[in-house]
Amino acid sequence: MPARRSPARSLAALVLALSLAGCGLLPEVKDETEAWSAQKLYSEAKDNLESGNYERAVKLFESLESRYPYGNYAQQAQLEIAYAYYKDNSAALAIAACDRFIKLHPNHPSVDYAYYLKGLANFNEDLGLFGALIDQDMSERDPRAARESFESFKELTVRFPESKYTPDAIARMKYLVNALAQNEVHVARYYLKREAWVAAAGRAREVLKTYPEAPALEDALAIMIVAYDKLKLDDLRDDARRVLKLNFPNSRYHQKFEQADKAWYRFW
């Protein structure tokens, strides 16, 4: 039976192996891309990107930028890195890469795409922004990403109104406005159910102030009417009712507000 090697001898053998490697006595792993041209690196990186091998694509684009820092290939590689991170669902890395490109190349012909991609990275279309985590209370969700997405798209549309990405950015901005307004309504309703009248009125009023054209305005006005009534602020309540009737003459809330018992908060 072979003798077991002691821990001390095993450690010594490991140190010796590392020393030999440092002295170049062990074979080194050769980088197959070492002699590649910028064009070759870009082509291989692009192939990996299109085939879904995002990690490999990023490494190749980074090698390209490092070895050939000057020229069109390096600049394009920076954009491709951002896109690879976006496709790999690494939003934070994608946004950082977009910010870096915008800072380094503010006048680049493709800087509009960098703003667009930055907006996309914060825009989770598959989950519908606030459609995921159904069991989580809406008041616990953070709409920060939606706001940042809106700001990126807004900057794109203001700075580059003729960009081919602008029409899609505008459509997404409209969706974001509605989603953000609805989020405020959900939070206001959360406070309403808990009889936190001041907080409910405040969040509903924010919808009127920030998103005056969003469909969620109808619900926000109804919440304000209930909250002001419970706070015995009759003038504010009546003002909110007049605005509701003016803007939503067929609102489903009108009949409820005419009920004799005035238990308006119960229909939520």
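Worth saying up front: this structure is predicted, and the values here are computed from it rather than measured. (Residues numbered from 1 in each chain as written. Predicted model: local features only at pLDDT ≥ 70, side-chain atom pairs only at ≥ 80, totals over all residues. Heavy atoms only, no water.)

Topic: the overall build of the chain
Thinking step 1. Counting its secondary structure elements, the chain contains twelve helices and zero strands.
Thinking step 2. Overall, the chain shows an N-to-C arrangement of helices and strands of α-α-α-α-α-α-α-α-α-α-α-α.
Thinking step 3. Long-range pairs, those at least 24 residues apart, make up 54% of the contacts in the chain between residues at least 6 apart in sequence.
Thinking step 4. On the chain, roughly 16400 Å² of surface is accessible, and the fraction owed to carbon and sulfur atoms is 51%. (Helix = DSSP H or I, 4+ residues; strand = E, 2+ residues; numbered from the N terminus. Contact = heavy atoms within 4.5 Å. Areas by Shrake-Rupley, 256 points an atom, 1.4 Å probe, with all protein chains shown as cover.)

Topic: the packing of helix α4 (residues 72–87) against helix α5 (residues 91–104)
Thinking step 1. Taken N-terminus to C-terminus, the directions of α4 and α5 make an angle of 160°; their axes are 7 Å apart at the nearest point. Put simply, α4 runs roughly antiparallel to α5. Handedness of the α4/α5 crossing: left-handed. Residues Q75, Q78, L79, I81, A82, Y85 and Y86 of α4 form the contact with α5, whose participating residues are L93, A94, A97, C98, R100, F101 and L104.
Thinking step 2. Residues belonging to the contact of α4 with α5 are distributed by class as follows: eleven nonpolar, two polar and one charged. (Axes fitted to C-alpha atoms, helices over the stretch in contact; angles between N-to-C directions. Parallel < 35°, antiparallel > 145°, perpendicular 65-115°, else oblique. Left-handed = near helix turned anticlockwise from the far one by under 90°. Nonpolar A, V, L, I, M, F, W, Y, C, P; charged D, E, K, R; others polar.)

Some details on the packing of aromatic side chains
We describe a pair of aromatic rings using the distance from one ring centre to the other and the angle between the two ring planes.
Thinking step 1. For the structure on display, the rule yields ten aromatic pairs.
Thinking step 2. Ring centres 6.0 Å apart and planes at 50° place the aromatic pair Y116 and F153 in the tilted group. With Y116 in helix α6 (residues 111–122) and F153 in helix α7 (residues 144–159), this residue pair connects regions lying 37 residues apart in the sequence.
Thinking step 3. Both rings, one in Y190 and one in Y191, keep their centres 5.6 Å apart while their planes meet at 70°; by these two values the pair is edge-to-face.
Thinking step 4. An aromatic cluster is built from Y113, Y116, F123, F153, Y165 and Y175, whose rings are joined through pairwise contacts.
Thinking step 5. Directly above the aromatic system of W36 lies the positively charged group of K40, at a separation of 5.0 Å from the ring centroid.
Thinking step 6. When the ring centre of F123 is taken as origin, the NZ or CZ atom of R172, which lies over that ring, is 4.8 Å away. (Phe/Tyr/Trp six-rings, centres within 6.5 Å; stacked < 30°, edge-to-face > 60°. Lys NZ or Arg CZ within 6 Å of the ring centre and 35° of its normal.)

Focus on the nonpolar core
Thinking step 1. Ranked by size, the top nonpolar core spans 69 residues in total, and within it F61, Y116, F153, L192, I223, L244 and F257 carry the most contacts.
Thinking step 2. The leading source of residues in this core is helix α10 (residues 217–230), at ten residues. (Core = buried A, V, L, I, M, F, W, Y, C linked by side-chain atoms within 4.5 Å. Buried < 20%, exposed > 50% of the residue type's maximum accessible area, 1.4 Å probe, protein only.)

A closer look at the pattern of salt bridges
Thinking step 1. Within the structure shown, the criterion is met by 15 salt bridges.
Thinking step 2. Close ionic contact of E184 with R147 constitutes a salt bridge, the shortest N to O distance being 3.5 Å. With E184 in helix α8 (residues 166–193) and R147 in helix α7, this pair connects stretches of sequence that are 37 residues apart.
Thinking step 3. In this structure, D229 engages R237 in a salt bridge whose closest nitrogen and oxygen atoms are separated by 2.8 Å. Take D229 and R237: they sit in the same class, and that class is buried. (Salt bridge = Lys/Arg side-chain N within 4 Å of Asp/Glu carboxyl O.)

Considerations on the packing of helix α9 (residues 197–210) against α10
Thinking step 1. Where α9 meets α10, the closest approach of the two axes is 8 Å, and the angle between their N-to-C directions is 150°. One way to sum up the angle between α9 and α10 is to call them roughly antiparallel. Taken as a pair, α9 and α10 cross one another with a handedness that is left-handed. Two secondary-structure elements touch here, α9 through W197, A200, A201, A204, R205, V207 and L208 and α10 through L217, A220, L221, I223, M224, V226, A227, Y228 and K230.
Thinking step 2. Partitioned by chemical class, the residues of the contact of α9 with α10 number 14 nonpolar, no polar and two charged.

Focus: unusual backbone geometry
Thinking step 1. A positive phi angle, near 60°, is found at N89, a position not held by glycine.
Thinking step 2. Residue placement: N89 occurs in the loop between α4 and α5.
Thinking step 3. Residue class for N89 comes out exposed when judged on its relative accessible area of 73%.
Thinking step 4. For K232, which is not a glycine, the phi torsion comes out positive at approximately 60°.
Thinking step 5. Looking at where K232 falls in the secondary structure, it is placed in the loop between α10 and α11 (234–247).

Some remarks on the environment of K46
Thinking step 1. Topologically, K46 is positioned in helix α2 (residues 38–50).
Thinking step 2. Here K46 falls in the partly exposed class, since its relative accessible area comes to 23%.
Thinking step 3. When neighbours within four sequence positions are excluded, K46 is seen to be in contact with F61 and E80.

Thoughts on the environment of R237
Thinking step 1. On the secondary structure map, R237 appears in helix α11.
Thinking step 2. Exposure remark for R237: the relative accessible area of 13% places this residue in the buried category.
Thinking step 3. A polar contact is formed between the side chain of R237 and the side chain of D229, at a distance of 2.8 Å. (Polar contact = N/O pair within 3.5 Å; in protein donor to acceptor, adjacent residues only side chain to side chain.)

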